[in-house]
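Descriptive structure summary
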Amino acid sequence: MASAPQQSLPLFYNQLEPLSSQTHADFRIRVRDKAPFLASQHAVPVTVEEFPLVQRYLPIVFSVGDDPVPLALMGLNEGVNTFFDEEGGLIDPNFYVPAYIRRYPYLLARLRPDTDELSLCFDPSSDAIGAFEEGDKLFENGEPTETTKNILQFNEQFEQAGARTAMFMKDLKELALLIDGEVTIQQEGHEQPFVYRGFMMIDENKLNELRGDQLRKIVQNGMLPLIYAHLFSLALMRDVFGRQVRMGKMPQPQLVTPA
């Protein structure tokens, strides 16, 4: 999920700049209670470590394409977020905010293609970091503060979780457990049901047919509870649909997830 500043950037990021004790010696960070970039975002990536928490609040599906990733759905239609308002404020405080959101505006990225070394970068277009009068300092006497060390640690943990998630997805593909997803929701007062496609899900029939070494593998490597967290979470798609209806954001009959 990390990328060099000159390459295409991940979701939410407009620019990337390496954090430097010289260039950003007087920079501070301030806590923001709104995330405007979320207002019209209906899906965000999640890591496997988050599945147990995410599945309590959001449906977990998988993106389509050659390299699918797990996604938490905050809306069933592109441009619709039922958990954050139009200013990016959290509507219900009883909610798990995925780590991908909490990581922004920071990111570990490779600054040179000839090295695997990752550097802590940030999006300079964010209003959460800058040469402010208020907020927590990032550097003190040319050295990273505890705040900066904690940010770095969080990003390192996120990268490690991303690697474990990539391995989980590799195993799912090797076991041929992913299929094209489809959810049909019948809304009262509408003759035709709303049919959502454009995502992938785990095939329960194929899962139940696993035998021998394959079944032993997903039990021993901890995949099984993650798979069921995903399957259980799919029931929440109807709850998200209901939230859209109550918010006056009647869906169109197709789910479009980011590649």
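Okay, so let's go over this structure.

Calculation criteria
- Residues numbered from 1 in each chain as written.
- Predicted model: local features only at pLDDT ≥ 70, side-chain atom pairs only at ≥ 80, totals over all residues.
- Heavy atoms only, no water.
- Helix = DSSP H or I, 4+ residues; strand = E, 2+ residues; numbered from the N terminus.
- Rg over C-alpha atoms; globule rule 2.2 N^0.38 Å.
- Buried < 20%, exposed > 50% of the residue type's maximum accessible area, 1.4 Å probe, protein only.
- Contact = heavy atoms within 4.5 Å.
- Areas by Shrake-Rupley, 256 points an atom, 1.4 Å probe, with all protein chains shown as cover.
- Pairing = 2+ DSSP bridges.
- Axes fitted to C-alpha atoms, helices over the stretch in contact; angles between N-to-C directions.

Helices and strands together make up the secondary structure of the chain, namely seven helices and 15 strands. Computed over its C-alpha atoms, the radius of gyration of the chain comes to 20 Å, within 12% of the 18 Å expected for a compact globule of 259 residues. Projected onto its principal axes, the C-alpha positions of the chain cover 65 × 50 × 30 Å. Counting across all 259 residues of the chain, residues that qualify as buried make up 47%. Put simply, 72% of the contacts in the chain that link residues at least 6 apart link residues at least 24 apart. About 13700 Å² of surface is accessible on the chain, with carbon and sulfur atoms providing 49% of the total.

This part takes up the sheet that holds strand E2 (residues 28–29). The three strands lie next to each other as E8-E2-E9, forming an open sheet whose pairing is antiparallel. Two strands close off the open sheet at either side, each with one partner strand: strand E8 (129–130) and strand E9 (136–137). Sheet topology places E2 next to E8; two bridges connect them, and they run antiparallel. What sits directly across from Ile29, in E8, is Ile129.

Another point: the sheet that holds strand E7 (residues 118–122). One open sheet accounts for three strands, arranged E1-E7-E6; its pairing is antiparallel. Because the sheet does not close on itself, it has two edges, and the strands there are strand E1 (17–18) and strand E6 (106–110). Sheet topology note: the E6/E7 ladder contains five bridges and is antiparallel. When the bridges of E7 are listed, Arg110 appears paired with Leu118. Along the sheet, helix H3 (residues 146–174) contacts E6 and E7; its crossing angle with E6, the most-contacted strand, is approximately 65°.

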